[in-house]
Amino acid sequence: MSKLAALIFDLDGTLADTESLHRAAFNYAFREEGMDWHWDEALYTRLLDISGGKERMLHYWRETHPDVTEVDGGAVDGLIAKLHEIKTAYYEAKVKAGEISLRPGVLALMNEARANGVELAIATTTSAINVAALMGSALGDAWRDNFVAVRDASNAPLKKPHPQVYERVLQDIGLPAQVCIAFEDSSNGLKAATAAGLATVITPTSFTSHNDFTGALKVLKDLSGVGIEQLRQWRSQADR
């Protein structure tokens, strides 16, 4: 078996630098609901330690409203769900309008992988709507044909750093972690991938560059110039 049989990509931050748009979408939702919340870049960077949009909002709610009781829980959950729906619609519209593109080197690496018989997969804990919006915009309506497996929040609900999403992708593609490489941009993603046994290449963004990437296979600015042969060499070195 080849030493490199599949590339497994995180979505937000890894395939595309989406976090600025996500932040704008959250703030739009807050304004739409008449809330006085505003997440500036520093605050949002800190909140990214919490995986998942709903989870992030609930975490912030509990930080700013520690007096909320279980009796209020249903109302809080309802508002969080509404905010997330508004936020997701705003984000989807902006992505479909072409405001986000794939990060440097991503498309070239995907094309080279497919030409060399290396499978592609996505392992993300964002919503299925967000996945379809971004990948449809970048690769066209038939984007799903490029990937042997796609897992997201709808079918892998335990958020990173839990390894569930990677474990399920590995089950889907029927390959051991030892012949795959994961691509991530955050420490939570790195923890999830390595817990599933995956060697992981990190391409940080401005929102995650401060994270601890100890244990990563490589930490790169982006994937420009990174090819399959180089990845094979790195993957081989990780086994030594």
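Residues numbered from 1 in each chain as written. Predicted model: local features only at pLDDT ≥ 70, side-chain atom pairs only at ≥ 80, totals over all residues. Heavy atoms only, no water.

Caption draft 1: Local environment of the packing of helix H5 (residues 106–115) against helix H9 (residues 228–238). Look at H5 against H9: their axes get within 10 Å of each other, and the N-to-C directions meet at 80°. One element, H5, and the other, H9, form an angle in the roughly perpendicular class. Listed contacts from H9 to Leu109, Glu112 and Ala113 of H5 are Ile228, Glu229 and Leu231. (Axes fitted to C-alpha atoms, helices over the stretch in contact; angles between N-to-C directions. Helix = DSSP H or I, 4+ residues; strand = E, 2+ residues; numbered from the N terminus. Parallel < 35°, antiparallel > 145°, perpendicular 65-115°, else oblique. Contact = heavy atoms within 4.5 Å.)

Caption draft 2: Broad picture of the nonpolar core. Membership of the largest hydrophobic core comes to 37 residues, with the highest contact counts inside it found for Leu7 and Leu231. Setting aside its immediate chain neighbours within four residues, leucine 231 contacts Leu4, Leu7, Leu109, Ile181, Phe183, Val201 and Val226. Ala156, Ala177, Ala196 and Leu198 belong to the second-largest nonpolar core, a separate cluster that totals 21 residues. (Core = buried A, V, L, I, M, F, W, Y, C linked by side-chain atoms within 4.5 Å. Buried < 20%, exposed > 50% of the residue type's maximum accessible area, 1.4 Å probe, protein only.)

Caption draft 3: Representation of the packing of aromatic side chains in the model. Enumeration over the complete set of coordinates arrives at 13 aromatic pairs. Considering the side-chain rings of tryptophan 37 and tryptophan 61, the 5.4 Å spacing of their centres and the 75° angle between planes classify their relative orientation as edge-to-face. Taken together, the residues span a long stretch of sequence, with tryptophan 37 in the loop between helix H1 (19–32) and helix H2 (41–47) and tryptophan 61 in helix H3 (residues 53–64) at a distance of 24 residues. The burial state of tryptophan 37 is the same as that of tryptophan 61; both residues are buried. Seen from their ring centres, tyrosine 44 and phenylalanine 207 are 5.8 Å apart, and the 90° between their planes marks the pair as edge-to-face. On the criterion of sequence distance, the pair formed by tyrosine 44 in helix H2 and phenylalanine 207 in the loop between strand S5 (199–202) and strand S6 (218–219) is long-range, its members being 163 residues apart. The buried category is assigned to tyrosine 44, whose relative accessible area is 0%. (Phe/Tyr/Trp six-rings, centres within 6.5 Å; stacked < 30°, edge-to-face > 60°.)

Caption draft 4: Structural view of unusual backbone geometry. In this model, lysine 160 is joined to proline 161 through a cis peptide bond whose omega is 20°. Within the element layout of this structure, proline 161 appears in the loop between strand S3 (149–151) and helix H7 (164–173).

Caption draft 5: Examining H3 more closely. For H3, with 12 residues, the first-to-last C-alpha span of 17 Å sits near the 16 Å given by 1.5 Å per residue. Among the residues making up H3, those that are buried are Gly53, Arg56, Met57, Leu58, Tyr60 and Trp61. (Expected span 1.5 Å × (residues − 1).)

Caption draft 6: Broad picture of the pattern of salt bridges. Under the definition given, this model contains seven salt bridges. Between aspartate 10 and lysine 160 there is a salt bridge whose closest N-O contact spans 2.9 Å. Taken as a pair, aspartate 10 in the loop between strand S1 (6–9) and H1 and lysine 160 in the loop between S3 and H7 lie far apart in primary sequence, 150 residues in all. Accessibility classification places aspartate 10 together with lysine 160 in one group, the buried group. Salt-bridge contacts for glutamate 184 lead to lysine 160; the nearest nitrogen and oxygen are separated by 2.7 Å. Taken as a pair, glutamate 184 in strand S4 (residues 180–184) and lysine 160 in the loop between S3 and H7 lie far apart in primary sequence, 24 residues in all. In terms of burial, glutamate 184 and lysine 160 fall into one category: buried. In the salt-bridge network here, residues are joined through shared partners; they are Asp10, Lys160 and Glu184. (Salt bridge = Lys/Arg side-chain N within 4 Å of Asp/Glu carboxyl O.)

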